[in-house]
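Remarks on the overall topology
For reference, the chains in residue letters:
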Amino acid sequence: MSTPAPLALAILISGRGSNMSALIRACQTGTIAARVAVVIADRAGAPGLERARELGIATDTVAPPAADTPAFERALLAALEAHRPGAVALAGFMRVLSGEFVGRYLGRMFNIHPSLLPKYRGLHTHRRVLAAGESVHGASVHFVTPELDAGPVVLQSQVAVEPGDTEATLAARVLATEHVIYPRALGWFAERRLAWRDGAAWLDGRRLEKPIVEDFRATACR
Ligand code: GRF
């Protein structure tokens, strides 16, 4: 039997692209059975674009015309479909996509969010975690559904909130774990171990009633 072609992955970014770099690295080292077909940013100056080009990845920019979501999404769809991706990874893509757009990629579009969802959806998660006095924090890889940060969570990392943490130290501790769990979850998808069925995430043929959790509290990722 011939080996199936590697999953073609498109990555959408808005900023520095450290998760993007982690995904590209995982593909290029053969850690996951995927190839990054394209990196698309919603602004020309996104630093991750330069990094992607350095790593030999095709890039594109689709900048939104002011307040015109349908035109932006039409352009984004065309840019994506030029590369026929099998999966789309949002990696610090700071834009809310319409239900129609999300529906186009339902079951094969992923996001990484810096909190233990369903806690702390939305922005400024680290600040809010510190203000709430939490002792555990982390990140979540989830399928993207039309409701923001609400799709089925596949994999989470847990880190300790340390005494004296600032938003920056906590963000850095969480980010290091994002670079581990995002490639891991997409690797599962590339191997067809992870699937979307009946509005839920399934791993190895079993419906995930709750996310898989990787506990980084006792590891060097702290
Ligand atoms: C990460 O914290 C990720 O969880 C969130 O946006 C940030 C992107 O960082 N969705 P980077 O651009 O991947 O470095």
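**Things to note about the sheet that holds strand β11 (residues 212–215)**
In any sheet, the strands associate via hydrogen bonds between backbone groups, in a parallel or an antiparallel arrangement. Judged by pairing direction, the sheet is mixed, and its eight strands sit side by side in the order β3-β2-β1-β4-β5-β6-β7-β11 without closing on themselves. Two strands lie at the open edges of the sheet, namely β3 (59–61) and β11, each paired on one side alone. Averaged over all pairs of adjacent strands, the angle between strand axes in this sheet comes to 20°, irrespective of strand direction. By the bridge criterion, seven bridges tie strand β6 (residues 136–143) to strand β7 (residues 153–160) in an arrangement that is antiparallel. Paired with S140 across the strands is Q156, a residue of β7.

**Section: the sheet that holds strand β10 (residues 206–207)**
In spatial order, the strands read β8-β9-β10; together these three strands make up an open sheet with antiparallel pairing. Each edge of the sheet is formed by a strand with only one pairing partner; in this case those strands are β8 (194–197) and β10. Relative to β10, strand β9 (residues 200–203) runs antiparallel, the two sharing two bridges. Bridge pairing in β10 links L203 to R206.

**A short note on the packing of aromatic side chains**
On inspection of all chains with the given rule, the structure shows four aromatic pairs. Both rings, one in F110 and one in F143, keep their centres 4.7 Å apart while their planes meet at 35°; by these two values the pair is tilted. Of this pair, F110 sits in strand β5 (residues 109–113) while F143 sits in strand β6, and the two are 33 residues apart along the sequence. There is no split in this pair, since F110 and F143 are both buried. Aromatic side chains F110 and F189 sit 5.0 Å apart centroid to centroid with 70° between the ring planes, which places their arrangement in the edge-to-face category. Of this pair, F110 sits in strand β5 while F189 is found in helix α6 (residues 167–190), placing the two residues 79 residues apart along the sequence.

**Some points on the side chain of Q156**
Following the sequence through the fold, Q156 ends up in strand β7. Among the polar contacts made by the side chain of Q156, one reaches the side chain of S140 at a distance of 3.0 Å. Setting aside its immediate chain neighbours within four residues, Q156 contacts L116, L117, A139, S140, I181, P211, I212, V213 and E214.

**Concerning helix α5 (residues 125–132)**
Here α5 has its buried residues at T125, H126 and V129. Down the axis of α5, the buried side of the element spans an arc of 95°, and every buried residue falls inside it. Buried residues along α5 sit against β5, β6 and α6. Just downstream of α5, G133 is the residue with a positive phi angle, here 70°.

**With respect to the nonpolar core**
With 46 residues, the main nonpolar core has I11, I13, V39, V154, Y182 and L194 as its most contacted residues. The leading source of residues in this core is α6, at nine residues. The contacts of V154, once residues within four sequence positions are left out, are V141, H142, F143, A185, W188, L194, A201, L208, P211 and I212.

**Observations concerning the pairing of strand β1 (residues 7–13)**
When you tally the buried positions in β1, you get seven out of seven residues, the bulk of the element. Of the two faces of β1, both are covered, the one formed by L7, L9, I11 and I13 as well as the one formed by A8, A10 and L12. Relative to strand β2 (residues 34–41), β1 runs parallel, the two being bridged by seven bridges. Paired with I13 across the strands is A41, a residue of β2. Traced from β1 through helix α1 (residues 18–28) to β2, the parallel crossover comes out right-handed. Where β1 meets strand β4 (residues 87–90), four bridges bridge the pair, whose relative direction is parallel. Opposite I11, over in β4, you have A89 as the bridge partner.

The rules we used
- Residues numbered from 1 in each chain as written.
- Predicted model: local features only at pLDDT ≥ 70, side-chain atom pairs only at ≥ 80, totals over all residues.
- Heavy atoms only, no water.
- Pairing = 2+ DSSP bridges.
- Helix = DSSP H or I, 4+ residues; strand = E, 2+ residues; numbered from the N terminus.
- Axes fitted to C-alpha atoms, helices over the stretch in contact; angles between N-to-C directions.
- Phe/Tyr/Trp six-rings, centres within 6.5 Å; stacked < 30°, edge-to-face > 60°.
- Buried < 20%, exposed > 50% of the residue type's maximum accessible area, 1.4 Å probe, protein only.
- Polar contact = N/O pair within 3.5 Å; in protein donor to acceptor, adjacent residues only side chain to side chain.
- Contact = heavy atoms within 4.5 Å.
- Arc of directions from axis to C-beta.
- Core = buried A, V, L, I, M, F, W, Y, C linked by side-chain atoms within 4.5 Å.
- Right-handed = clockwise from strand over helix to strand, strands pointing away.

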